Amino acid sequence: MKSCVLLPASLYVVIFVFISFDLNNTRPIVSLFKLLQTDTSLKVIDSSLEQNEEKLDRTITSNPNKNVYFGDLHVHTKYSFDAYVFGVTGTPDDAYRYAKGASVKHPLGFDLQLREPLDFYAVTDHGFFMGMIESYADTTSQISKKDFTKPFHNLNADVASNTADENLDTFPARTAMFSDVVASTINMPYFDLHPKVMAAYFTTNVQLALKSFDYKVHKSAWADMARAAEEHNDPGNFTTFLAYEYTTSTDTEGGNLHRNVIFEGSKRPLRPFTRIDSLNPEDLWTWMDELRERGVDSIAIPHNGNGSNGNMFEMETFEGGPINRNYSSKRMRNEPLVEVTQVKGTSETHPLLSPDDEWADFEIMDIRVGSRPPTYSMPQAGYVRDAYLRGLTLDWFGQGNPYKFGLIGSTDTHVLGGSFDESNYWSKVGILDGTPESRGTIPLTQERIDTVRQGLIDANQPVLLIDREQGTYMDVGFDQWGASGLAAVWAEENTRESIFKAFRNMETFATSGSRIKLRFFAGYDISSVELDSSDLVSQAYEKGVPMGSDINYDNDREPHFLVWAVKGKHGAPLQRIQIIKGWIDTNSGRPEEMVYDVVCSDGLVVDPITHRCPDNNAKVDINTCKISDDVGAVELKAKWQDPEFRSTDNAFYYVRVLENPTCRWSTWDAIKAGYKPRKDLHSTIQERAWSSPIWYVPEDDGFDIIPLGLSLIHISEPTRQAEIAYGVFGVKKKRGGGGGGGGGGGGG
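Bear in mind that the values here come from a model prediction, so they are computed numbers and not experimental data.

Trainee: Is there a simple way to think about the overall build of the chain in this case?
Mentor: Secondary structure summary: the chain contains 18 helices and 31 strands in total. A burial count over the chain gives 58% of its 748 residues as buried. A separation threshold of at least 6 residues defines the contact pool for the chain, and within that pool the share at least 24 residues apart is 76%. Total accessible area on the chain stands at roughly 29600 Å², and carbon and sulfur atoms take up 52% of it.

Trainee: Explain unusual backbone geometry to me, please; I cannot follow it from the model alone.
Mentor: What you tend to see is this: most non-glycine residues have negative phi, and most peptide bonds are trans. Each neighbour pair has its own omega, and for Ser484 with Gly485 the value is -5°, a cis peptide bond. Relative to the elements of secondary structure, Gly485 occurs in the loop between strand S15 (471-474) and strand S16 (486-491). The phi torsion at Asn304 lies on the positive side, around 55°, for a residue other than glycine. On the accessibility criterion, Asn304 (1% relative accessible area) is buried. You will see that Ser427, though not glycine, has its phi angle at about 60°, which is positive.

Trainee: Just checking my understanding: could you explain the sheet that holds strand S7 (residues 243-246) for this structure?
Mentor: Hydrogen bonds between backbone groups are what pair the strands of a sheet, and the pairing can be parallel or antiparallel. Strand order in the open sheet formed by three strands is S7-S8-S10, with antiparallel pairing between adjacent strands. Only two strands of the sheet have a single neighbouring strand rather than two, namely S7 and strand S10 (298-302). Shown here is a sheet whose adjacent strand axes are inclined to one another by a mean of 25°, direction ignored. Judged from the five bridges that link them, strand S8 (residues 259-263) and S10 form a sheet pairing that is antiparallel. Pairing of Ile262 across the sheet is with Ile299, part of S10.

Trainee: Would you explain helix H12 (residues 384-396) in this entry?
Mentor: What sets the pattern is the α-helix's 3.6 residues per turn: residues three or four places apart point alike. With 13 residues, H12 extends 18 Å from end C-alpha to end C-alpha; this agrees with the ideal 18 Å at 1.5 Å per step. Burial analysis of H12 places 13 of its 13 residues in the buried class, which makes it a mostly covered element. Looking one or two residues beyond H12, the residue adopting positive phi is Gly398, at roughly 85°.

Trainee: When you look at the packing of helix H4 (residues 92-99) against helix H9 (residues 215-232) in this model, what are you seeing that I'm missing?
Mentor: A packed helix pair is summarised by two numbers, namely the angle formed by the two axes and the spacing between the axes. Orientation of H4 relative to H9, taken along the N-to-C sense of each, is 30°, at an axis distance of 9 Å. Compared by their axis directions, H4 and H9 come out roughly parallel. Helix-helix and strand crossings are classified by hand; for H4 and H9 the assignment is right-handed. For the pair formed by H4 and H9, the contact residues are Pro92, Asp93, Tyr96 and Arg97 on the first element and Asp224, Met225, Arg227, Ala228, Ala229, Glu231 and His232 on the second. Class assignment for the residues of the contact of H4 with H9 results in five nonpolar, one polar and five charged.

Trainee: Just to check I follow, could you spell out the pattern of salt bridges for this structure?
Mentor: Any two side chains of opposite charge can pair, given that their charged atoms come close. Evaluated as defined, the whole model comprises 42 salt bridges. Across the pair Arg115 and Asp421 runs a salt bridge, and its minimum N-O distance is 3.8 Å. Of this pair, Arg115 sits in the loop between strand S4 (111-112) and strand S5 (120-123) while Asp421 is found in the loop between strand S13 (406-409) and helix H13 (436-439), placing the two residues 306 residues apart along the sequence. Here Arg385 and Glu593 are joined by a salt bridge, their closest N and O atoms 2.7 Å apart. With Arg385 in helix H12 and Glu593 in strand S23 (residues 591-600), this pair connects stretches of sequence that are 208 residues apart. Judged by its relative accessible area of 25%, Glu593 falls in the partly exposed class. Taken together, the shared-partner salt bridges in this structure form one network comprising Asp289, Arg292, Asp297, Arg333 and Arg504.

Trainee: Looking at this structure, I do not really get the packing of aromatic side chains. What am I missing?
Mentor: Across all of its chains, the model carries 39 aromatic pairs by this definition. We note Lys581 situated over the ring of Trp583; from NZ or CZ to the ring centre the distance is 4.4 Å.

Trainee: What exactly am I supposed to notice about the nonpolar core here?
Mentor: Where a protein is soluble and globular, its nonpolar side chains tend to be buried together. Counting 124 residues, the largest nonpolar core has Tyr244, Leu284, Phe405 and Phe503 as the members making the most contacts within it. Examining the composition of this core, we find that seven residues originate from one element, H12, more than from any other. Counting residues in hydrophobic clusters, the runner-up holds 45 residues, among them Phe81, Leu270, Leu465 and Trp665.

Trainee: Help me out: how do you make sense of the confidence of the model for the chain in this one?
Mentor: Segments scoring low in pLDDT should not have their predicted coordinates read at a detailed level. Looking at the chain as a whole, its pLDDT mean stands at 90, while 89% of the residues score no less than 70. A low-confidence stretch, residues 741-748 (pLDDT under 50), is modelled with 30 contacts involving residues beyond four sequence positions or located in other chains.

Trainee: Even after reading the chapter, I still don't get the pairing of strand S28 (residues 688-691), so can you show me in this structure?
Mentor: As a general feature of sheets, a regular strand has side chains that alternate between the two faces. Residue alternation in S28 divides its side chains into two sets, Arg688 and Trp690 and Ala689 and Ser691, and both sets are buried. Bridge count for strand S17 (residues 508-511) against S28 is three bridges, and the pairing is antiparallel. Bridging from a neighbouring strand, Thr511 pairs with Ala689 of S28. Summarising the sheet, strand S25 (residues 650-659) and S28 pair through three bridges and their orientation is antiparallel. When the sheet's bridge partners are listed, Leu658 is paired in S28 with Arg688.

Trainee: What am I meant to see in the environment of Tyr201 here?
Mentor: The topology assignment puts Tyr201 in helix H8 (residues 195-202). Note on Tyr201: relative accessible area 6%, which makes it buried. Put simply, Tyr201 and Asp39 are 162 residues apart on the chain and 9.5 Å apart in space, counted from C-alpha to C-alpha.

Trainee: I keep staring at the sheet that holds strand S21 (residues 560-566) and nothing clicks. Help me out?
Mentor: Spatial ordering of the open sheet is given by S19-S18-S21-S24, a layout of four strands whose pairing is antiparallel. Pairing within the sheet leaves two strands with one partner each, and these edge strands are strand S19 (545-546) and strand S24 (635-640). With six bridges joining them, S21 and S24 adopt antiparallel strand pairing. The residue of S24 that forms the bridge with Val566 is Glu635. Sheet contacts for helix H16 (residues 536-543): strand S18 (517-523), S19, S21 and S24; angle to S18, the most-contacted strand, approximately 35°.

Trainee: Would you mind showing me how to read the state of the cysteines here?
Mentor: Counted according to the given criterion, the structure contains two disulfides. Residue pairing for Cys600: its cysteine sulfur links by disulfide to Cys613, the two sulfurs lying 2.1 Å apart. On the S-S bond that ties Cys600 to Cys613, the torsion sits near -90°, and the link is left-handed. With Cys600 in strand S23 and Cys613 in the loop between S23 and S24, the pair connects residues that are 13 residues apart, well separated along the chain.

Reading the values: the criteria
Residue numbers restart at each chain and count upward from 1, following the sequence in its written direction. pLDDT decides what is reported in this predicted model: residues at 70 or higher carry local features, side-chain atom pairs at 80 or more are listed and counted, and totals for whole chains, interfaces and linings draw on all residues regardless. Here the side-chain values reflect all heavy atoms present in the structure, with hydrogen atoms and water set aside. What counts as a helix is a DSSP run of H or I of at least four residues, what counts as a strand is a run of E of at least two, and both are numbered from the N terminus. Between buried and exposed lies partly exposed: a residue is buried under 20% and exposed over 50% of the maximum accessible area for its type, with that area taken using a 1.4 Å probe on protein chains only. Whether two residues are in contact is decided by their heavy atoms: any pair within 4.5 Å suffices. Values of accessible area rely on a 1.4 Å probe in the Shrake-Rupley scheme; residue burial ignores everything except the protein chains shown. Paired strands are those between which DSSP finds at least two bridges. Lines fitted to C-alpha atoms define the axes here, with helix axes fitted over just the stretch in contact, and angles between the N-to-C directions of these axes take values from 0 to 180 degrees. Each residue after the first adds 1.5 Å to the expected span of a helix. What sets the label is the angle itself: under 35 degrees gives roughly parallel, over 145 gives roughly antiparallel, 65 to 115 gives roughly perpendicular, and the rest give oblique. Here a crossing is taken to be left-handed if its near helix is turned anticlockwise relative to the far helix by less than a right angle, and right-handed if that turn runs clockwise. Gly falls in the polar group here, along with every residue not listed as nonpolar (Ala, Val, Leu, Ile, Met, Phe, Trp, Tyr, Cys, Pro) or charged (Asp, Glu, Lys, Arg). By definition here, a salt bridge exists when the distance from a side-chain nitrogen of Lys or Arg to a carboxyl oxygen of Asp or Glu is within 4 Å. Any two rings among Phe, Tyr and Trp, with Trp reduced to its six-membered ring, count as a pair given centres within 6.5 Å; such a pair is stacked if its planes are under 30 degrees apart, edge-to-face if over 60, and tilted if neither. Any Lys NZ or Arg CZ found within 6 Å of a ring centre and within 35 degrees of that ring's normal is scored as a charge over the ring. By convention a nonpolar core is built from buried Ala, Val, Leu, Ile, Met, Phe, Trp, Tyr and Cys residues, the set being connected through side-chain atoms within 4.5 Å. What pLDDT conveys is the predictor's confidence in a given residue, as a value from 0 to 100. The term disulfide is used for any two cysteine sulfur atoms that are within 2.5 Å.

Spelled out as structure tokens, the structure:
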């Protein structure tokens, strides 16, 4: 009897010893244990639902010249750990209903509703601990019986019935819960010999080794997100995408590296790949590649490079190794788009990076995502224009271009939907920023000052208050946020297949909230397109390539560009269209950039020396937010040629469209409450749109770059010598047709 007990126990311990060896790579032979492992994140589930007869029988009209569709690919509901802490109890179904035009409730009780419905939408709840916080709060759940869940019990049970002030009183506790309690709760592994640790190893699912994780709850939330996406997908009218957020960061300074993973169709993994599986985004791409081999295509869309402290677009890999062509190709295969604008700031460029760009200081959030207290984020390697230049630099050295991506906008709303409206702004984190007082745009009452100060002290949180001329304000960093943004695509029809193809082709653009329509083409024969022709678009597709594409070298010919923008229904008149050019000097590798105004409103003409439009004198009355109604344009279009084009320079071009100035949301907050806008905040903004770039790819001249210090690198192994030959460490080809990129079109 004794041996019957000891034998299994001994075997159990031996298995754990071997697992330990394997995990620590101390005994290579133990890697044979991996043959017994499975990976639950690679198990494919088909979430398709039986379509109703109307959807099956519907004929969808396809437009070969493509339609513009607007949407949001970054939306959170109650299944996100932080959204639930912020008081959000809305479901994915509620989010999709909101996108289609229905009214939903904010946690503070007021209604949220769009001025006009969207065309496509994706709920992207955090894969990390998806659904868990709601389960902690539900005192009937199994996991809620564990002691560590007590701070969450009935967290949002009274939100709907509370007054707004009662909910606002929970601000300090919720702030502490977001900053400290969630992190300490999650980091609670079982002891090494626990059966769940063994289960985590053999299923390659690290989450199972955590006391704070309930796999059934997690899978249930993910399955419900899939069901909602399927039920609300309405081909031809409204498109949904199954998606989630991969919420990773650097493990030292907290540099944001978040991505949203968007699946093309109804097939999905059993569970999402999360930061608990790996902090390294390169492991995410490997997982996506493996799913693609199983018939499940997806793309990942990075966001908030502005809050990454210079980690989003680095010149080396996550682990500090050299970037090579394989890395560049892998990244661009999986990340063809970047979210350039959202509530937490715009990541186009920064005044420190583009000092000669008068419009660079637009909705800049210069703090790291989620930092407490708000901590400065270095701008280098955090903004897309800088990333484009870095990509050209890497390509110049023969390492490929890992930053050859298109652009979209989205919101990152945590309250089911964004407002896209400066005059009716509700920010994004529920109870924490749902009022002008909590956003720092009007002063606090003395009672609220006392409540907030004492509450934050009791919760061991920084007391983030600031004195200004009209009183004391909250100083949490919410005043740097904005009413942005939208994803826009040019697609043949409003279906998953067509819109996802546009993502892949990078025929996409971003807006800060206005529904500006933007076309951008380039090619060697674009100059022959008639701007006033009824078939302008079909001519442009025939004689050139659209945004997201390459123009390849053609015997020193110079390409021409065509831009066309139309104001949104609720937007201000257009002021100007600009083309931003970035290039690498062919001799020195020095990155350069230039902003060109290419067409002006009101019949004004671009100055050929400064490349700027004259001021059209559009005004804003800061006391009423009334704007000039007699200047600006409904539509702007033009053909343009680069006055400083050199056929040997690797270059990118993207379009920026600017509206006339209007009041910023913070100004609207102040004047509605009877206060003056804060002097230290921008009182106005110029809403805008950004196209995906078109890249000019010069002829490969075969010139090799030999980095200084190559002879100092001690390389003796044959494999490393081979890597030199292939351009990983040493001699590197300067150009190879834009290696690693993958533009959406050919040579015009």
